[in-house]
Amino acid sequence: MHEYPLQIVEHSGFVDFVKTLQPQFNMVSFNTIQRDCVTMYLKEKRVSLALDLWVSNQTVGYVLLIVQFIDAEWNLHHRLLNEIMVSSIDSSNALQQAILLVGNCFARVTSLLSQEALWAVGETAKKIWESA
């Protein structure tokens, strides 16, 4: 969130802060957190979708659909997938537009994943066919 390094869990000030909040909590090490993050990434390999509501200085409302993912070199990437302009981000219309935006994105992502899966199966089937 704030892009603090994982090593913060071993910093004495942070450890004291956490102990103040919950004296019974046992802080885990940097190595444990790093191992858990790597394990989770290798297991899940997911992307994160987020909706952002934003108002310009001209009071024009925007609904943004953003994807976040980590690449093979552990770099965090943010991409704007889509945006729509709304009259007011406080209106029910903005929420409806956001839901449609996410729905359309999920449909596109599902279609792309299906195409990729079919291609992968096709390549595997081709290799099996050629090896026989």
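Residues numbered from 1 in each chain as written. Predicted model: local features only at pLDDT ≥ 70, side-chain atom pairs only at ≥ 80, totals over all residues. Heavy atoms only, no water.

For the protein, the helix and strand inventory stands at 3 helices and 3 strands. When the helices and strands of the protein are listed from N to C terminus, the series reads α-α-β-β-β-α. Split into buried and exposed, the 132 residues of the protein put 16% on the buried side. Once local pairs closer than 6 in sequence are excluded, the contacts in the protein between residues at least 24 apart make up 32%. Surface accessibility of the protein: about 10700 Å² in total, with carbon and sulfur atoms responsible for 60%. (Helix = DSSP H or I, 4+ residues; strand = E, 2+ residues; numbered from the N terminus. Buried < 20%, exposed > 50% of the residue type's maximum accessible area, 1.4 Å probe, protein only. Contact = heavy atoms within 4.5 Å. Areas by Shrake-Rupley, 256 points an atom, 1.4 Å probe, with all protein chains shown as cover.)

It is worth spelling out the sheet that holds strand S3 (residues 76–86) at this point. The antiparallel open sheet is built from 3 strands, whose spatial order is S1-S2-S3. Among the strands making up the open sheet, the edge pair consists of strand S1 (48–55) and S3. Pairs of neighbouring strands in the sheet enclose a mean axial angle of 25 degrees, with direction left out of account. The pairing of S1 with strand S2 (residues 61–70) spans 8 bridges and is classified as antiparallel. (Pairing = 2+ DSSP bridges. Axes fitted to C-alpha atoms, helices over the stretch in contact; angles between N-to-C directions.)

As paired strands, S2 and S3 are joined by 10 bridges and run antiparallel to one another. Among the inter-strand pairings, leucine 65 is bridged to a residue of S3, identified as asparagine 82. Linking S2 to S3, which pair antiparallel, is a turn of 5 residues; within it tryptophan 74 sits at a positive phi near 65 degrees.

A surface patch of nonpolar side chains, about 220 Å² in accessible area, is lined by Val47, Leu49 and Leu81. Within the secondary structure layout, leucine 81 lies in strand S3. (Patch = residues over 30% accessible without salt bridge, like charges linked within 9 Å, V, L, I, M, F, W, Y side chains within 5 Å. Salt bridge = Lys/Arg side-chain N within 4 Å of Asp/Glu carboxyl O.)

Turning to the pairing of S2, a few remarks are in order. The element S2 is extensively covered by neighbouring structure, given that 7 of its 10 residues are classed as buried. Here S1 hands over to S2 after 5 residues, with threonine 59 in that stretch at a positive phi of 60 degrees.

Bringing the confidence of the model for the protein into the picture now. Of the residues in the protein, 73% have a pLDDT of 70 or more, and the chain-wide mean is 76. Averaged pLDDT values for the elements of the protein fall to 69 in helix H3 (residues 92–131) and rise to 89 in helix H1 (residues 12–21). (pLDDT = per-residue confidence, 0-100.)

All right, on to the pattern of salt bridges then. Side chains that differ in sign of charge can pair as their charged atoms come close. Overall, the coordinates contain 1 salt bridge when judged by the stated rule. Among the salt bridges present, the one from aspartate 36 reaches arginine 35, with a minimum N-O distance of 3.4 Å. In this structure aspartate 36 comes out as partly exposed when scored by relative accessible area, which is 38%.

Residue placement: histidine 77 occurs in strand S3. A polar contact of 3.4 Å, which involves the side chain of histidine 77, links it to the side chain of arginine 79. Contact partners of histidine 77, with chain neighbours within four places excluded, come to Val67, Gln68, Phe69 and Asp71. (Polar contact = N/O pair within 3.5 Å; in protein donor to acceptor, adjacent residues only side chain to side chain.)

Once that is clear, we can look at the environment of aspartate 52. In this fold, aspartate 52 is placed in strand S1. By relative accessible area, which is 33% here, aspartate 52 ends up partly exposed. Remark: the alpha-carbon pair of aspartate 52 and isoleucine 66, spanning 14 residues in sequence, is separated by 7.5 Å. With sequence-adjacent residues up to four places away left out, aspartate 52 is seen in contact with Tyr62, Val63, Leu64 and Ile66.

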